[in-house]
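Breakdown of the fold
Single-letter residue listing:
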Amino acid sequence: MTPAPARRTVLAAGGGLALGAAVAGGTVALTRDGDATAPVADSGAAVPFHGAHQAGIATPVQDRLHFAAFDVTTDDREKLVRLLKEWTRAAERMTAGREVGEGAYGGLPEAPPDDTGEALGLKPSRLTLTLGFGPSLFDGRFGLKDRRPGDLVELPRFPGDNLDPARSGGDLCVQACADDPQVAVHAIRNLARIGFGTVAVRWSQLGFGKTSSTTPDAQTPRNLFGFKDGTRNIAGTDAAALDRHVWVGPKDATGGGAWMAGGSYLVARRIRMNVETWDRTPLAEQEDIFGRDKKEGAPVGKAGEHDEPFLKAMKPDAHVRLAHPDANGGATLLRRGYSFTDGTDGLGRLDAGLFFLAYQKDVRAGFVRVQTALAKSDALNEYIQHVGSAVFAVPPGVRDADDWWGRGLFS
Amino acid sequence: MRAVRTTAVTALAGAAVLAAVTGCTAKSDAKGDADGITVTAKDDSCEVSKKEFPAGHVTLNVENRGSKVTEVYVLYPDDRIVTERENIGPGTKAALTAEIKAGSYAIVCKPGMTGAGIRQTVTLTGGASAPKRSAEMDAAVAAYRQYVQAQADETLPKVKVFTDAVRAGDLEAAKKAYAASRIGWERTEPVAESFGDIDPKVDVREDGLEEGQDPAKDWTGWHRLEKALWQDKKITTREKQLADLLDKDLADWVKRVGKAEITPTSMANGAKELLDEVATGKVTGEEERYSHTDLVDFKANVEGAQKSFELLKPVAAKNDAALVAELDKQFAALNTLLDRYRADKTGYDFTSYDKVGKAQRKELSDGVNALAEPLSKLAAAVVK
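Residues numbered from 1 in each chain as written. Chains lettered and ligands numbered in written order. Predicted model: local features only at pLDDT ≥ 70, side-chain atom pairs only at ≥ 80, totals over all residues. Heavy atoms only, no water.

Glancing now at the overall build of chain A. Secondary structure summary: chain A contains ten helices and nine strands in total. The burial tally for chain A puts 53% of its 411 residues in the buried class. Across chain A, contacts joining residues at least 24 apart in sequence account for 78% of those joining residues at least 6 apart. (Helix = DSSP H or I, 4+ residues; strand = E, 2+ residues; numbered from the N terminus. Buried < 20%, exposed > 50% of the residue type's maximum accessible area, 1.4 Å probe, protein only. Contact = heavy atoms within 4.5 Å.)

See below:
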């Protein structure tokens with residue numbers, strides 16, 4: 001939690017310079033923590049890998065993301081199962097801050113080391129690795145047709161979507177979240193390496209600056225438009241809300257999809273933001289579009305960001321008004337999106353936006369319901385475009401050292 | 001060493017920094033005591049702790065006590081590089097490991113990484129302690145050496161067809177003979193490149209020239225002619241001179257190739273390097289950017305890698321049967337994929353790479369990764 005207050009201070013001060021200072025402060029702390037007497041900061045600690053649910057969903061959102069979608073390139077079911085077991089063992093080690101396999105050095109000099117080595121000396125950094133299965137995995141190649149959960153639906157085409165197939169879909173996904181970007185990238189890189197010949201990376205996305213919080217007392221972080229969004233996010237500690245909206249219960253998982261009990265459904269959307277035109281938009285219009293003020297993030301007519309919004313006070317096409325659970329029959333998502341920028345787009349425009357990640361027990365009642373309303377009339381649509389899309393069934397947690405990702409599906 | 005590190009990790013509850021340092025220290029101490037070969041590099045000296053030691057797997061523990069970044073080489077008497085380590089910072093340690101036969105060698109430190117360096121002569125003693133190689137391994141090396149020589153020998157006449165066409169000013173005939181003239185070279189590239197001076201003469205691309213080199217004067221070899229034929233679309237006196245030069249440089253290669261240093265591990269890692277060539281230059285279409293004959297090179301690289309693998313297979317299969325089975329499968333899969341781009345499976349008439357779409361290139365790249373990753377483990381399976 002150490003970086004969080006620093007970040008809040010920064011946001012209050014409201015300066016880019018201050019943000020730089022916070023980053024530098026983090027570096028200093030890291031170096032000092034190399035000393036055995038220094039306490040291990042929360043941001044450096046390890047998140048337990050085993051449990052009833054996969055880590056990386058209700059876990060307090062880490063600062064950085066590397067998300068990768070994979071195509072399975074073999075049609076050999078056994079080989080895929082072997083990979084999932086190997087991935088599980090590697091994930092257990094990496095989330096504990098350890099090296100993959102025999103490590104990064106000290107092995108045969110004639111052979112490449114098992115671990116790529118760039119995370120040597122770094123702390124576990126709250127790394128979580130979360131695996132999901134895409135609808136295309138159930139197309140019959142692996143005899144899984146009958147195991148496809150009825151709730152694993154393809155998303156409908158929403159008006160305004162401009163989806164790039166090369167940034168959409170995937171048979172498998174791995175979400176790597178960590179407080180240190182190098183730790184997250186190391187994890188995906190090593191899993192991809194283990195996977196060569198069985199899976200191939202289809203697309204991947206780096207994220208920074210988490211745009212949502214799953215910690216109840218924390219302020220909602222800002223997106224690249226400078227606004228707080230999703231203040232009504234589900235808290236990772238609210239077990240009742242998680243059961244109601246996020247975790248697939250035993251009763252929800254029926255028939256061939258019984259293996260999904262304890263799992264969740266993930267929607268990933270790459271949302272490009274036209275930041276240059278946004279930045280030329282008058283403040284009042286920006287605030288009207290979101291339905292909040294820019295400084296506090298308070299809903300129209302209110303003082304604090306967590307104040308209950310009075311939706312009718314907002315313009316009919318305001319983002320908050322349309323996205324709010326009250327406007328969508330109570331539809332609530334657990335969001336853990338990240339800002340991204342992949343440099344510029346060749347026209348000098350920032351290739352930036354929001355990599356939206358949302359977990360829910362029912363995609364139709366969750367994301368589809370909300371996005372249908374937003375795609376139709378959200379005032380924000382003038383400044384954003386959905387350019388990538390994927391949906392995944394995220395199985396329950398790996399219980400112990402004998403269990404593996406997807407055992408319920410493949411057994 | 002593993003035990004030390006594991007204990008450290010447990011005790012410190014994931015303080016990986018310390019664990020790594022502990023592991024590292026323990027390792028270098030142990031090595032230093034056991035093998036006892038240390039190289040102490042300073043700004044004005046290069047001290048080797050022993051001037052005579054047994055041949056075989058040799059580890060040099062280098063410590064840079066100077067003020068400049070240094071590099072350390074082990075050289076054959078004729079200055080061919082056995083092994084090297086660059087960028088050893090002041091106050092840091094590094095290790096060089098190589099399989100070295102009995103004989104006389106030079107150990108060279110280069111403070112500041114420039115100039116001739118500071119040289120020490122060492123003798124590796126041998127016979128009994130030279131790398132023990134089974135008859136199987138010797139046979140594999142001998143067969144591979146033969147293969148390399150045959151590839152070089154067969155290349156010369158094919159190159160002559162190409163250079164003759166250039167000399168005759170026959171643009172179309174030269175274009176037709178271009179890709180075929182490169183196949184033998186591409187199949188044996190790691191060996192060809194081990195003679196550091198030939199590769200830059202015959203196979204360099206324009207962007208591979210060094211600062212200060214003039215493309216008009218200093219750019220020679222296949223790709224210079226490729227540009228003349230496909231982009232400039234003309235053959236002048238200069239191209240005819242370059243054709244003569246290509247003949248001459250490759251004749252030199254053919255003479256020297258038999259003397260190349262080849263070991264089972266260099267064969268194995270050479271196979272992997274051929275796939276690296278594919279992954280970095282061919283899959284991207286950079287290598288043959290004017291002629292778009294990348295798939296011909298691609299196929300030749302794969303064939304050369306497969307030859308090494310086939311020859312090492314009897315040794316590797318004993319140590320890691322699963323790896324060999326995987327490699328068999330992945331070679332077959334990549335060859336099947338490549339076959340899609342040629343109508344005649346016995347010929348080298350491949351689809352022009354500019355006609356290969358983005359999704360197809362991704363598929364080829366995935367195929368290369370699927371083969372190259374297990375192939376990188378072949379050397380370990382050979383020496384295990």
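Right, picking up where we left off after that structure.
Counting secondary structure elements, chain B contains 14 helices and nine strands. Going through the 384 residues of chain B one by one, you find that 47% of them count as buried. Contacts in chain B between residues at least 24 apart in sequence constitute 66% of all its contacts with a sequence separation of at least 6. Just so you have it, chain B exposes about 17200 Å², and 53% of that area is on carbon and sulfur atoms. (Areas by Shrake-Rupley, 256 points an atom, 1.4 Å probe, with all protein chains shown as cover.)

Moving on: helix 13 (residues 358–375) of chain B. In a regular helix each residue adds 1.5 Å, so 18 residues correspond to 26 Å; helix 13 of chain B covers 25 Å between its end C-alpha atoms and thus fits that length. By the burial criterion, the buried members of helix 13 of chain B are Leu364, Asp366, Gly367, Val368, Ala370, Leu371, Ala372, Glu373, Pro374 and Leu375 of chain B. Buried-residue contacts for helix 13 of chain B involve helix 4 (181–195) and strand 4 (199–210) of chain A together with helix 10 (264–282), helix 11 (294–319), helix 12 (321–339) and helix 14 (378–383) of chain B. (Expected span 1.5 Å × (residues − 1).)

Next up on the list: the packing of helix 4 (residues 171–187) of chain B against helix 11 of chain B. Residue and element names in this part refer to chain B. At a minimum axis separation of 8 Å, helix 4 and helix 11 run at an interaxial angle of 30°. One element, helix 4, and the other, helix 11, form an angle in the roughly parallel class. The chirality of how helix 4 crosses helix 11 is right-handed. In this structure, helix 4 uses Ala179, Arg182, Ile183, Glu186 and Arg187 to contact helix 11, whose residues at the interface are Val296, Asp297, Ala300, Asn301, Glu303 and Gly304. Residue composition of the contact of helix 4 with helix 11, by class: four nonpolar, two polar and five charged. (Axes fitted to C-alpha atoms, helices over the stretch in contact; angles between N-to-C directions. Parallel < 35°, antiparallel > 145°, perpendicular 65-115°, else oblique. Left-handed = near helix turned anticlockwise from the far one by under 90°. Nonpolar A, V, L, I, M, F, W, Y, C, P; charged D, E, K, R; others polar.)

With that out of the way, let us pick up the packing of aromatic side chains. Here the distance between the centres and the angle between the planes together describe a pair of aromatic rings. Going through the model one piece at a time under the given rule, you end up with 24 aromatic pairs over all chains. The ring centre of Tyr348 of chain B lies 5.9 Å from the NZ or CZ of Arg342 of chain B, which sits over that ring. (Phe/Tyr/Trp six-rings, centres within 6.5 Å; stacked < 30°, edge-to-face > 60°. Lys NZ or Arg CZ within 6 Å of the ring centre and 35° of its normal.)

Moving on, we get to the pairing of strand 5 (residues 70–75) of chain B. Residue and element names in this part refer to chain B. Along strand 5, six of the six residues are buried, which leaves the element largely enclosed by surrounding structure. The side-chain alternation of strand 5 yields two buried faces, one formed by Thr70, Val72 and Val74 and the other by Glu71, Tyr73 and Leu75. Pairing geometry for strand 5 and strand 8 (residues 103–109), over four bridges, is antiparallel. Bridged to Leu75 within strand 8 is Ala106. (Pairing = 2+ DSSP bridges.)

A separate point is helix 4 of chain B. All names here are of chain B. A rise of 1.5 Å per residue sets the reference length of helix 4, with its 17 residues, at 24 Å; its end C-alpha atoms lie 26 Å apart and thus fit the reference within 8%. The axis of helix 4 is deflected most strongly, by about 30°, at Ala177. Here helix 4 has its buried residues at Ala174, Ala177, Tyr178, Ala179, Ser181, Arg182, Ile183, Gly184, Trp185, Glu186 and Arg187. (Bend = angle between axes of the 7 residues up to and from the residue.)

Confidence in the prediction of chain A, expressed as mean pLDDT, is 88, and 89% of residues score 70 or more. This stretch, residues 1–41 of chain A, has a pLDDT under 50; its non-local contacts, to residues over four places away or in other chains, come to 28 contacts. (pLDDT = per-residue confidence, 0-100.)

Bringing the nonpolar core into the picture now. Phe162, Trp222, Trp253, Leu295, Phe298, Leu364 and Leu378 of chain B are the most contacted members of the largest nonpolar core, which totals 78 residues. Residue contacts for Leu295 of chain B: discarding those within four places in its chain leaves Leu338, Tyr341, Phe350, Thr351, Tyr353, Val356 and Leu364 of chain B. Counting 71 residues, the second largest nonpolar core, distinct from the first, contains Val72, Phe227, Val275 and Trp405 of chain A. (Core = buried A, V, L, I, M, F, W, Y, C linked by side-chain atoms within 4.5 Å.)

Bringing the UniProt feature "domain: Imelysin-like" (unreviewed entry) in chain B into the picture now. Annotation from UniProt places "domain: Imelysin-like" (unreviewed entry) at residues 140–378 of chain B. Between the end C-alpha atoms of residues 140–378 of chain B there is a gap of 14 Å, over a span that is 72% helix and 0% strand. (UniProt positions renumbered as here; feature names shortened; annotations may be inferred.)

Here we come to the environment of Ile271 of chain A. All names here are of chain A. For Ile271, the position within the fold is in strand 5 (residues 264–273). Sequence spacing of Ile271 and Leu354 is 83 residues, and the spatial spacing of their C-alpha atoms is 5.1 Å. In this structure, Ile271 is in contact with Phe340, Ala352, Gly353, Leu354, Phe356, Ile384, Gln385 and His386, ignoring residues within four places of it in sequence.

So, on to unusual backbone geometry. The phi torsion at Arg126 of chain A lies on the positive side, around 55°, for a residue other than glycine. Along the chain, Arg126 of chain A falls in the loop between helix 3 (77–95) and strand 2 (128–133).

With that settled, consider the side chain of Arg270 of chain A. All names here are of chain A. Mapped onto the elements, Arg270 comes out in strand 5. Judged by relative accessible area, Arg270 falls into the buried class, the value being 5%. Of note is the side chain of Arg270, whose polar atom sits 2.8 Å from the side chain of Asp342. Excluding its chain neighbours within four sequence positions, the residues that come into contact with Arg270 are Arg167, Gln205, Phe340, Asp342, Asp351, Leu354, Phe355, Gln385, His386, Val387 and Gly388. (Polar contact = N/O pair within 3.5 Å; in protein donor to acceptor, adjacent residues only side chain to side chain.)

Residue and element names in this part refer to chain B. Taken over all residues, the pLDDT of chain B has a mean of 86, while the share at 70 or more is 88%. For the stretch residues 1–34, pLDDT sits under 50, and the model shows 40 contacts to residues farther than four places along the chain or on other chains. The ipTM assigned to the predicted complex is 0.78, against a pTM of 0.76.

A covalent bond between the sulfur atoms of two cysteines is what we call a disulfide. Residues and elements named next belong to chain B. Tallying each qualifying case throughout the model produces one disulfide over all chains. Through a disulfide, Cys46 is tied to Cys109; the S-S separation comes to 2.0 Å. Around the S-S axis, the bridge from Cys46 to Cys109 shows a dihedral of about 60° and counts as right-handed. With a gap of 63 residues between them, Cys46 in strand 2 (residues 46–48) and Cys109 in strand 8 connect regions that are remote in the sequence. (Disulfide = S-S within 2.5 Å.)

As a further point, take the sheet that holds strand 4 (residues 56–64) of chain B. Residues and elements named next belong to chain B. One open sheet holds the four strands; their spatial order is 2-1-4-7, and the pairing between them is mixed. Strands with a single pairing partner mark the edges of an open sheet, and in this sheet they are strand 2 and strand 7 (93–100). For this sheet the average axis-to-axis angle between neighbouring strands, irrespective of direction, equals 20°. Bridge analysis of strand 1 (residues 38–41) against strand 4 gives four bridges, and the strand direction is parallel. Within strand 4, the residue paired with Val39 across the bridge is Val62.

Residues and elements named next belong to chain B. In this structure the tally under the stated criterion is 56 salt bridges over all chains. The salt bridge involving Arg182 is made with Glu287; its shortest N-O contact spans 3.0 Å. Of this pair, Arg182 sits in helix 4 while Glu287 sits in the loop between helix 10 and helix 11, and the two are 105 residues apart along the sequence. Accessibility expressed as a relative area gives 0% for Arg182, which makes it buried. On the basis of relative accessible area, Glu287 is assigned to the buried category, the value being 5%. Close ionic contact of Glu303 with Arg187 constitutes a salt bridge, the shortest N to O distance being 2.9 Å. Taken as a pair, Glu303 in helix 11 and Arg187 in helix 4 lie far apart in primary sequence, 116 residues in all. Judged by relative accessible area, Arg187 falls into the buried class, the value being 14%. (Salt bridge = Lys/Arg side-chain N within 4 Å of Asp/Glu carboxyl O.)

Residues and elements named next belong to chain B. Within the secondary structure, Lys307 is located in helix 11. Here Lys307 falls in the partly exposed class, since its relative accessible area comes to 31%. For Lys307 and Thr188, which are 119 residues apart along the polypeptide, the C-alpha to C-alpha distance reads 9.7 Å.

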